[in-house]
Amino acid sequence: MTTQTVRTTLLFGAILMLAAICYLPTQFNSPAARARDDGVARTPPMGWNSWNRFGCNVSEKLIKNTADSMVASGMRDVGYQYVVIDDCWQVSRDPQGTIVADPRRFPSGMAALADYIHARGLKFGLYTDAGSRTCQGRPGSLGHEWQDAATYAAWGVDYVKVDWCYNAGLDAARQYALFRDALAATGRPIALSICTWGTPNPWDWGDDAGHLWRTTRDITDRWPILLQIIRENAVRAYAGGPGGWNDPDMLEVGNGGMTTVEYRTHFSMWAMMAAPLITGNDLTRMSSATRDILLNHEVIAVDQDSRGTPALIVHDDNNLQVWSRPLEDPSTRAAALFNPTDKSAAITVRWSDIGLAPGDALVRDLWAHADRGVVADSFTATVEPHGTIMLKITAQSYVAATLPDPVVPPAPPAEAPVANPNVRYPYLSDLTPTFADSALGPVELNLSNGEGGAGDGHPITLGDTRYAKGLGVHAPADIRYDLGGACTDFAADIGLDAEVGQHGAAVFQVWADGALIYDSGVLHGGMTPVPVYLNIPGVHELRLVVAPVDWATNYAHADWAGARVACSVE
Ligand code: GLA
């Protein structure tokens, strides 16, 4: 080696070391961004996964045919994009530890398969396991997280499902955060699907690490299991929202174990719950009934609504249920009339149950693809056993949702009598609550919550609008009034005060005599305020609750802006 070569080698060595020193800190020390915020899954992911129908019988041919069918059937054009190979594609690791795809089943290799899928305007997904082995005993990713992430990115993978078998007592939140960091370091946007079957409480940490998290056991193609999964996933509604989604597992629609009516319920409920729509049937042979379900663009539009608020059960009468979710257009709700029983039954959705103003609303049936007309206050339909009628309900008098100006301006004495006969439209901040509690309290009158003592907030502001009147709290909060049955209406604009910017989140609820009559779903800082207008005739106890959202307990400055009631004059 000449002196010149030695010098050049040393110089290059020094440059490489310097580069490594500069690179490492950013890779390992920078605080990782929450997966929810990285823009990868603003709406619930849609696609196909091999497991439910094909199990371990996966191959290059199957995946290519599936991608072709996704295009030919029109599924791609209604939003399905990921083609995901589940367990059993991997056979070993090479001497360098790189994961090896089954060369017999995938002779062209994964990179070529990814190209094939990408060329059709679709995205490619793979499965692995956080433990030492996959659930089918193939090599897992434990100890190879960074290496596997780099391999997937090099192949062109866009989605990784990470299972939880053979986890040997790992800390799930930490282990999945490791995957998040490893995937982020590749620089390729990759959706991370967390599959711990609802343990240990992924709704508490899932959105930090990934974009969707399984909330339940594995689905099977049977009605009782479907019912159980719906029940278990529904109670996690508060955790799902743009960027991170509750995952009640992949769809069984078209696999033959349930009736068409039951599959329609399956698809409706997944859309209502803002669940990922990952089909699990044979796309190359679909009956027209299956196709009609999976390609129902009106139901898909509910699932994909950009507000991303999962539905709640707003009425349950002996199992006959009304589900509702607010949509991006604030005058509109999606509602499901769900009959899990074995007999036909009439189910009524009342506007007051779904937070719409009384009066006329346009009702559209999303399975019949037909308008049911403009109807007042409620809509009733007969729902077949195990069936679901899915509706979009648009209030016609939405702009009138704010109460008229008071006939007599409110002039509250300190100990304002409830339903003062001289005050027709009292603001709640002028009435005396029977109970008032707010985190970082107290409940502020006509000010936002300032996180300290009384009177330390700012004028209540939602978006660009300032409100002279209203209640400012920090979640969790609970305010109760005794209206003595004398009031008929409640109105307020709700949201997080503009002072928190894009931070914070909370759920607003209104309870009337112990019954939940309104639930906003998760509202985030920076969202357009939501007008709420409810009928409360004869109600004694009106209760305004602001529930915290466990991934965003800070900055939960919640305003009941302009909150008032309309009470009859004696
Ligand atoms: C687990 C998962 C399933 C599927 C199988 C594959 O059971 O929950 O969704 O991925 O493993 O082995």
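Residues numbered from 1 in each chain as written. Predicted model: local features only at pLDDT ≥ 70, side-chain atom pairs only at ≥ 80, totals over all residues. Heavy atoms only, no water.

A. A look at the overall build of the protein chain. Broken down by element type, the protein chain carries 11 helices and 30 strands. When the 570 residues of the protein chain are sorted by exposure, 54% land in the buried category. Taking as baseline every contact in the protein chain between residues at least 6 positions apart, the subset at least 24 positions apart corresponds to 71%. In the structure as shown, the protein chain presents an accessible area of about 22700 Å², 54% of it carried by carbon and sulfur atoms. (Helix = DSSP H or I, 4+ residues; strand = E, 2+ residues; numbered from the N terminus. Buried < 20%, exposed > 50% of the residue type's maximum accessible area, 1.4 Å probe, protein only. Contact = heavy atoms within 4.5 Å. Areas by Shrake-Rupley, 256 points an atom, 1.4 Å probe, with all protein chains shown as cover.)

B. Examining the site of the ligand more closely. The full set close to the ligand counts 13 residues, and Asp86, Asp87, Lys161, Asp163 and Asp218 are the nearest of them. One of the side-chain nitrogen or oxygen atoms of Lys161 is found 2.8 Å away from an oxygen atom of the ligand. A distance of 3.2 Å is found between an oxygen atom of the ligand and a side-chain nitrogen or oxygen belonging to Arg214. Burial of the ligand by the protein amounts to 93% of the accessible area it has alone, namely 310 Å². For the shell around the ligand, the class distribution of residues is six nonpolar, one polar and six charged. (Near = heavy atom within 4 Å. Polar contact = N/O pair within 3.5 Å; in protein donor to acceptor, adjacent residues only side chain to side chain. Nonpolar A, V, L, I, M, F, W, Y, C, P; charged D, E, K, R; others polar.)

C. Up close: the sheet that holds strand 28 (residues 530-535). Taken in spatial order, the five strands line up as 20-23-30-25-28 in an open sheet, and their pairing is antiparallel. Both edges of this open sheet fall to strand 20 (444-445) and strand 28, since each of them pairs with a single strand only. In this sheet, strand 28 lies alongside strand 25 (residues 487-496) in antiparallel orientation, the contact comprising six bridges. Pairing of Asp493 across the sheet is with Pro531, part of strand 28. (Pairing = 2+ DSSP bridges.)

D. View of the packing of helix 5 (residues 145-155) against helix 6 (residues 172-185). Here helix 5 crosses helix 6 at 40 degrees, and the two axes come no closer than 8 Å. Looking at the two axes, helix 5 sits oblique to helix 6. With respect to the hand of their crossing, helix 5 and helix 6 are arranged in right-handed fashion. Contact residues: helix 5 offers Glu145, Trp146 and Ala149, while helix 6 offers Gln175, Leu178, Phe179, Asp181, Ala182, Leu183 and Ala185. Split by residue class, the contact of helix 5 with helix 6 holds seven nonpolar, one polar and two charged. (Axes fitted to C-alpha atoms, helices over the stretch in contact; angles between N-to-C directions. Parallel < 35°, antiparallel > 145°, perpendicular 65-115°, else oblique. Left-handed = near helix turned anticlockwise from the far one by under 90°.)

E. The arrangement of helix 9 (residues 260-272) in detail. An ideal rise of 1.5 Å per residue puts 18 Å on 13 residues; helix 9 measures up with 18 Å between its terminal C-alpha atoms. In terms of residue burial, helix 9 counts as a mostly covered element, since 11 of its 13 residues are buried. For helix 9, the full list of buried residues reads Val261, Glu262, Tyr263, Thr265, His266, Phe267, Ser268, Met269, Trp270, Ala271 and Met272. Looking at the residues trailing helix 9, positive phi occurs at Ala274, about 55 degrees. (Expected span 1.5 Å × (residues − 1).)

F. Region of interest: the sheet that holds strand 5 (residues 123-129). The strand order 9-8-7-6-5-2-1-10 describes an open sheet built from eight strands, whose pairing is parallel. Unpaired on one side and paired on the other, strand 9 (245-247) and strand 10 (277-279) mark the two borders of the sheet. When the angles between neighbouring strand axes are averaged without regard to direction, this sheet yields 25 degrees. As paired elements, strand 5 and strand 6 (residues 159-163) share five bridges and run parallel to each other. Bridging across to strand 6, Gly125 finds its partner in Tyr159. The sheet contacts of helix 6 involve strand 5, strand 6 and strand 7 (191-194), and relative to strand 7 the element is tilted by about 165 degrees.

G. Just the packing of aromatic side chains, in detail. Inspection of every chain in the model, using the stated rule, returns 10 aromatic pairs. Where Trp164 meets Tyr176, the ring centres are 5.6 Å apart and the plane angle is 45 degrees; that geometry is what we call tilted. In this pair, Trp164 sits in the loop between strand 6 and helix 6 while Tyr176 sits in helix 6, placing the two residues 12 residues apart along the sequence. Each member of the pair, Trp164 as well as Tyr176, carries the same accessibility label: buried. Ring centres of Phe490 and Trp560 lie 6.3 Å apart, and the angle between their planes is 75 degrees; this geometry places the pair in the edge-to-face category. Here Phe490 is found in strand 25, whereas its partner Trp560 is found in strand 30 (residues 557-567), with 70 residues between them in sequence. The buried category is assigned to Phe490, whose relative accessible area is 0%. (Phe/Tyr/Trp six-rings, centres within 6.5 Å; stacked < 30°, edge-to-face > 60°.)

H. Expanded view of the confidence of the model for the protein chain. For the protein chain, the average pLDDT comes to 88, and 89% of its residues sit at 70 or higher. Low pLDDT (under 50) marks residues 8-31, which in the prediction has seven contacts with non-local residues, meaning those over four places away or in another chain. Every residue in residues 398-421 scores below 50 in pLDDT, and together they form 39 contacts with partners more than four places removed in sequence or on other chains. (pLDDT = per-residue confidence, 0-100.)

I. The arrangement of the pattern of salt bridges in detail. Evaluated as defined, the whole model comprises 22 salt bridges. Asp102 serves as the salt-bridge partner of Arg105, at 4.0 Å between the closest nitrogen and oxygen. (Salt bridge = Lys/Arg side-chain N within 4 Å of Asp/Glu carboxyl O.)

J. The arrangement of unusual backbone geometry in detail. Following Thr199, the chain continues to Pro200 via a peptide bond in cis, the omega torsion being -25 degrees. Its location among the elements puts Pro200 in the loop between strand 7 and helix 7 (202-209). With an omega of -5 degrees, the peptide bond running from Ala475 to Pro476 counts as cis. The topology assignment puts Pro476 in the loop between strand 23 (470-474) and strand 24 (477-482). Notably, Asp249 is not glycine yet its phi reads approximately 95 degrees, a positive angle. Note on placement: Asp249 falls in the loop between strand 9 and helix 9. The backbone of Asp513 shows a phi angle near 45 degrees, a positive value even though the residue is not glycine. With relative accessibility at 43%, the residue Asp513 sits in the partly exposed group.

K. Just the pairing of strand 11 (residues 312-317), in detail. As judged from the five bridges shared by strand 11 and strand 12 (residues 320-326), these two strands associate in the antiparallel manner. Bridge pairing in strand 12 places Leu312 opposite Ser324. Connecting the antiparallel pair strand 11 and strand 12 is a turn made up of two residues, with Asn318 showing a positive phi of about 50 degrees.

L. Structural context of the state of the cysteines. Applying the stated criterion across every chain, the model contains three disulfides. In this model Cys135 forms its disulfide with Cys165; the gap between the sulfur atoms is 2.0 Å. Because the torsion about its S-S bond is 95 degrees, the bridge between Cys135 and Cys165 counts as right-handed. One end of the pair, Cys135, is in the loop between strand 5 and helix 5; the other, Cys165, is in the loop between strand 6 and helix 6, with 30 residues separating them in the sequence. On the basis of relative accessible area, Cys135 is assigned to the partly exposed category, the value being 27%. Residue pairing for Cys487: its cysteine sulfur links by disulfide to Cys567, the two sulfurs lying 2.0 Å apart. (Disulfide = S-S within 2.5 Å.)

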